[in-house]
Structure formats: C-alpha cells, structure tokens
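Residues per chain are reported as follows:
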Amino acid sequence: MTTYIYGIAHADHPAPEKPVLGVGDPPRPVRIIRAGELAAVVSDCPDGLRPKRRDLLAHQHVLTETGNAGAVLPLRFGSLSTDDDAVRGALGEHTEHYKTQLAELTGRVEFNVKAAHREEAVLRLVVDDEPEVRRLTEALQASGGGDYPERVQLGELVANAVRAREVHDAHTVERALAPLAEQSAPGPEGTGWLVNLSFLLPRTETAPFTEAAHRLAEEQPQLELLVNGPLPPYSFVRPAQPAAEHASRG
Amino acid sequence: MTVVPAQQEGGSRGGGGTSGLYDVLELVLDRGLVIDAFVRVSLVGIEILKIDVRVVVASVDTYLRFAEACNRLDLESGPKKEPGLPDLVGEITESGARGKSKGALSGAAETFADAIGQGREAASGRSGDEEPRRPRRTATSSRKKEES
C-alpha cells in the first residue's frame, strides 16, 4: 500500500483530536507514524494521484491542521513511499537534521507576499517620471494615436520603464517587510508577479507584519499587494545533506 | 491590499476555507521539503506556470499594448490626481483589479488558472462563492471600463 507523506514532526506530536482528511476521493484519513524521535504525518495514497486542485488543497489542509498542534516540516506535494515501514526507515536517516529544523520552526508560520502593478497607476508614474515618455505620449494623443513606428517606440520605452519600476518596487516591498520577519525567502519565479517573497514569523506575533503590509499598500498605491498567511513554513525547510557530500564540501 | 487568511476550518475539509490556496499553489508545488527516499507524483501539465514574464514583456505586441494604454491615459487630469485604483473591498472587485493590473505584463496567472481549472470547476459545486476569485481579465477589465 503506497503511503502519502505530508510532513515530519516530533515523535510526541499529538494525534489529531478530530479526524483529518487527506488526499484522494474519498479522502483518506490522516494518521501519524512514529519512529524513534520523529513522526511522519501520512495517509494511504490513492491510485493515480495527480496534482488536482482537490488534492493540493488536502495537502495544505492537513499541514495546517496538524501544524496547529506542533511543528511540522511540510513536504512538497506528492511525496510517496512504498509503505509505512519505508517511511520509518527514511525518518531514521537524518534524524538530527529534522530535529534541528523542527526546533527552528516551532511556533513559526510563513506569510507569502506577492505584488503586481496596477497598470494605469504604474503607467501614470512612468509618464510623470520620464520626460521622454510624457512627450511621446502627448504627441501620440495629439496625432490621434500615432503611426506604427511611433507606437512601437513609445511602447518599448514604457515597457522598459515599467520593468525598471518592477525591480524598484520589488526592493521597496522587501525593505518594508523583511525587517519584521525572522527570515525571508524568495518564492518561485515566473509566476507573473513582480515580487513573490515568503517571510517567517512567530505564530503569535504576526500583527506588526500585517500592519506594515497594510501601510505599504497605502503608501504604494500602484501596487496590488496580496498577503497570504499564516501558512505552513514551506519556504523555510532545508533538505538534509547526504553525509558523504556534506563531509566532502567541508 | 488583500490579506487572505489561511483556511481555519477544523475536522473535515469540505466546504469553505479554500480562499487563498489558489494564490499559494506554487508554494505547495515548488517549496516544501523533498526527501530523497520518497518518490514524487508527476507534475506534468502543471509546469506551464513557469513562464518567463520578461519574454512576454519584450515583444512588439506588448509595446503596442503599452502605447495603446498610454494613448488612453488622461494626461490633463494631472499627475497626482488619483494615483491608483482605490483600495478595493470584496472578492469580485479584487479579482478584477488584479486581472487588470497584470493585464499587460503576463498571461501566466491565467495559464496557471487554466492548468488547474479542471479541478477548480469540479470543486465549484461544493462551494459556490469561490468562483469569482479566479482571475478573469477579459470580463472584469471590460466591466471596469464601463464603470469609469
């Protein structure tokens, strides 16, 4: 029976008080496998599991629910093992590393912050800041839209200016929020946002961070800011180095 | 700004609490611990969300779209008139604003939405109020224009 692994916790991590439902349709109940000083949050894995919305949601849900009862190192979606015994074996391989990570992440949550430009607002900033863009825009409007080369010329100038503004505003977001977090980590790139950053915060002290995010949104109205949290600390877990590789690097 | 609280419901996972997941899917798929001893489910079909936005921006089509957007700007209203859209409240309006703001820059979010759209539609029967959160650039942009 294939086992689906959601996360790794201390061996004394409490079993859920209420049943927690995991991946699959019907959803498979979550259980805790213990081995030595560690435990794994697992369920049976349905055949043909795919990254469907329902199952991604289940993964997140299980980590949120079990994370409320104590630190859980979140695994990436879709981690499978042949059976429960193989999971126990894997827990024994890097016990100290996982214990260190659990200690670091106890009582911590992740907040993910994404920002995109509001198009009209950022265009207005660009027109105000760049005299050449303003001149060309005025000329274009005066001539009822301009000809093709003029439009391409203006568009390229604007695209470059918007690009520069994206870099500038990404730094603005990071500078405003990073000092209020214990750690920060970049999110995956290429998802269409000008900044995608995750922050690690104490679970009980998130208010200063969210208040700062609100202030930032007020001060930078060209930014559409999206703050998601508290989340399992996906971005702050580190893989264990294989012992040999670790030694050879040292 | 939008602050999306993580799901808070306990016990079973049916019903609400789905807001926000859509916006952090890339973390579920791309972050989190990977353990060599475990195999991973194939993510084929999801990887199209990895679009380099810069490629999209540096195209003539994008230049023309920016030029067109500048052509519509009201220069007479003065630079400091209304620096941006007002802070928006409400799920539907928020989705619309986000779609609008990202319109010129990338179709990546929409592509992403398409990638998981099948599952989302399958789940929409369970919680009817979540559908408006899906970015809908075309529909909401045109609606915003009518309002302004």
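J.: Explain the overall build of chain B to me, please; I cannot follow it from the model alone.
T.: Secondary structure assignment for chain B yields six helices and two strands. The order of α-helices and β-strands along chain B, N terminus first, is β-α-β-α-α-α-α-α. Taken over 148 residues, chain B has a buried fraction of 36%. Across chain B, every contact between residues at least 6 apart in sequence was considered, and the portion connecting residues at least 24 apart equals 70%.

J.: Sorry, what's going on with the overall build of chain A here?
T.: A tally of regular secondary structure across chain A gives eight helices and eight strands. In terms of C-alpha radius of gyration, chain A reaches 24 Å, well past the compact-globule figure of 18 Å for 250 residues. For chain A, the C-alpha atoms occupy an extent of roughly 75 × 45 × 40 Å along the three principal directions. Buried residues in chain A amount to 48% of all 250 residues. Restricting the contact set of chain A to residue pairs at least 6 apart, pairs at least 24 apart contribute 74%.

J.: Where do I start with the sheet that holds strand β2 (residues 31–35) of chain A in this structure?
T.: Pairing between the strands of a sheet is mediated by backbone hydrogen bonds and can be parallel or antiparallel. Strand order in the open sheet formed by five strands is β2(A)-β3(A)-β1(A)-β4(A)-β2(B), with antiparallel pairing between adjacent strands. Strands with a single pairing partner mark the edges of an open sheet, and in this sheet they are β2 of chain A together with β2 (39–40) of chain B. Inspection of the sheet shows strand β1 (residues 3–10) of chain A paired to strand β4 (residues 72–81) of chain A by six bridges, in the antiparallel sense. When the bridges of β4 of chain A are listed, glycine 7 of chain A appears paired with proline 74 of chain A. Across the sheet, helix α2 (residues 84–93) of chain A lies against β1, β2, β3 (38–44) and β4 of chain A, angled at about 50° from β2 of chain A, the strand it touches most.

J.: Please clarify how the environment of arginine 108 of chain A should be interpreted in this entry.
T.: Residue and element names in this part refer to chain A. Position of arginine 108 among the secondary structure elements: in strand β5 (residues 108–117). Residue classification places arginine 108 among the partly exposed residues on the basis of 19 C-beta atoms within 10 Å. Residues arginine 108 and leucine 201, 93 residues apart in the sequence, show an inter-C-alpha distance of 5.4 Å. Look past the residues within four positions of arginine 108 in its chain and what remains in contact with it is Leu200, Leu201, Pro202, Arg203 and Pro233.

J.: Sorry if this is basic, but what is going on with the pairing of β5 of chain A here?
T.: Along any regular strand the residues' side chains alternate between the sheet's two faces. Residues and elements named next belong to chain A. Judged by how many residues are buried, β5 sits mostly within the fold: nine of ten residues are covered. Two elements, β5 and strand β7 (residues 195–202), share eight bridges in a ladder whose sense is antiparallel. Counterpart to asparagine 112 in the pairing with β7 is serine 198.

J.: Explain helix α4 (residues 119–129) of chain A here, please?
T.: Side chains that are three or four residues apart share a direction in an α-helix, a result of its 3.6 residues per turn. Where burial is concerned, most of α4 of chain A is hidden: eight out of the eleven residues are buried. Where α4 of chain A is concerned, the buried positions are Glu119, Glu120, Val122, Leu123, Arg124, Leu125, Val126 and Val127 of chain A.

J.: I keep staring at the nonpolar core and nothing clicks. Help me out?
T.: Generally speaking, nonpolar side chains in soluble globular proteins are found buried as a group. Judged by nonpolar contacts, the single largest core of 65 residues is most densely connected at Val113, Ala115 and Leu225 of chain A. Both domain 1 (3–106) and domain 2 (111–236) of chain A contribute no fewer than three residues apiece to this core. The contacts of valine 113 of chain A, once residues within four sequence positions are left out, are Val173, Leu177, Leu197, Phe199, Ala213, Leu225 and Val227 of chain A. One finds Val122, Val133 and Ala159 of chain A together with Cys70 of chain B within the second-largest nonpolar core, a separate group that totals 18 residues.

J.: Please clarify how the domain arrangement of chain A should be interpreted in this entry.
T.: A common measure of how large an interface is: the accessible area buried when the components associate. Residues and elements named next belong to chain A. According to the domain assignment, chain A contains domain 1 (3–106) and domain 2 (111–236). Computed from C-alpha coordinates alone, the two centres of domain 1 and domain 2 are separated by 36 Å. Contacts between domain 1 and domain 2 engage six residues on the former and four residues on the latter. Breaking the side of domain 1 that touches domain 2 down by element, the ones donating at least two residues are α1 (53–67) and β4. With three residues, α1 is the single largest residue contributor to the side of domain 1 that touches domain 2.

J.: Explain the environment of glutamate 150 of chain A to me, please; I cannot follow it from the model alone.
T.: Structurally, the position occupied by glutamate 150 of chain A is in helix α6 (residues 148–177). Sequence separation between glutamate 150 of chain A and glutamate 93 of chain A is 57 residues; the distance between their C-alpha atoms is 64 Å.

J.: I'm lost on the pairing of β4 of chain A in this one. Help?
T.: Most of β4 of chain A is tucked away: nine of the ten residues are buried. As defined by bridge partners, β4 of chain A adjoins β2 of chain B across two bridges and the pair is classed as antiparallel. Bridging across to β2 of chain B, leucine 80 of chain A finds its partner in valine 39 of chain B.

J.: Could you clarify how one ought to interpret α6 of chain A in this entry?
T.: Counted at 1.5 Å a residue, the expected span for α6 of chain A with its 30 residues is 44 Å, and the 43 Å between its end C-alpha atoms agrees. Along α6 of chain A, the positions that sit buried rather than exposed are Arg151, Leu154, Gly155, Leu157, Val158, Ala159, Ala161, Val162, Glu166, Asp169, Val173 and Leu177 of chain A.

J.: Is there a simple way to think about the packing of α6 of chain A against helix α3 (residues 60–72) of chain B in this case?
T.: Axes are the key here: two packed helices are described by the angle between their axes and the distance separating the axes. Packing of α6 of chain A against α3 of chain B leaves a shortest axis separation of 7 Å and a crossing angle of 90°. By the angle between their axes, α6 of chain A is roughly perpendicular relative to α3 of chain B. Touching Arg151, Val152, Leu154, Gly155, Glu156, Val158 and Ala159 of chain A of α6 of chain A are Val60, Thr62, Tyr63, Leu64, Phe66, Ala67 and Cys70 of chain B, all from α3 of chain B. A class-by-class count of the residues in the contact of α6 of chain A with α3 of chain B yields ten nonpolar, two polar and two charged.

Definitions and cut-offs
Residues numbered from 1 in each chain as written. Chains lettered and ligands numbered in written order. Predicted model: local features only at pLDDT ≥ 70, side-chain atom pairs only at ≥ 80, totals over all residues. Helix = DSSP H or I, 4+ residues; strand = E, 2+ residues; numbered from the N terminus. Buried ≥ 20, exposed ≤ 12 C-beta atoms within 10 Å, placed from the backbone. Contact = placed C-beta atoms within 7 Å. Rg over C-alpha atoms; globule rule 2.2 N^0.38 Å. Pairing = 2+ DSSP bridges. Axes fitted to C-alpha atoms, helices over the stretch in contact; angles between N-to-C directions. Core = buried A, V, L, I, M, F, W, Y, C linked by C-beta atoms within 7 Å. Domains from an automatic or database assignment. Expected span 1.5 Å × (residues − 1). Parallel < 35°, antiparallel > 145°, perpendicular 65-115°, else oblique. Nonpolar A, V, L, I, M, F, W, Y, C, P; charged D, E, K, R; others polar.

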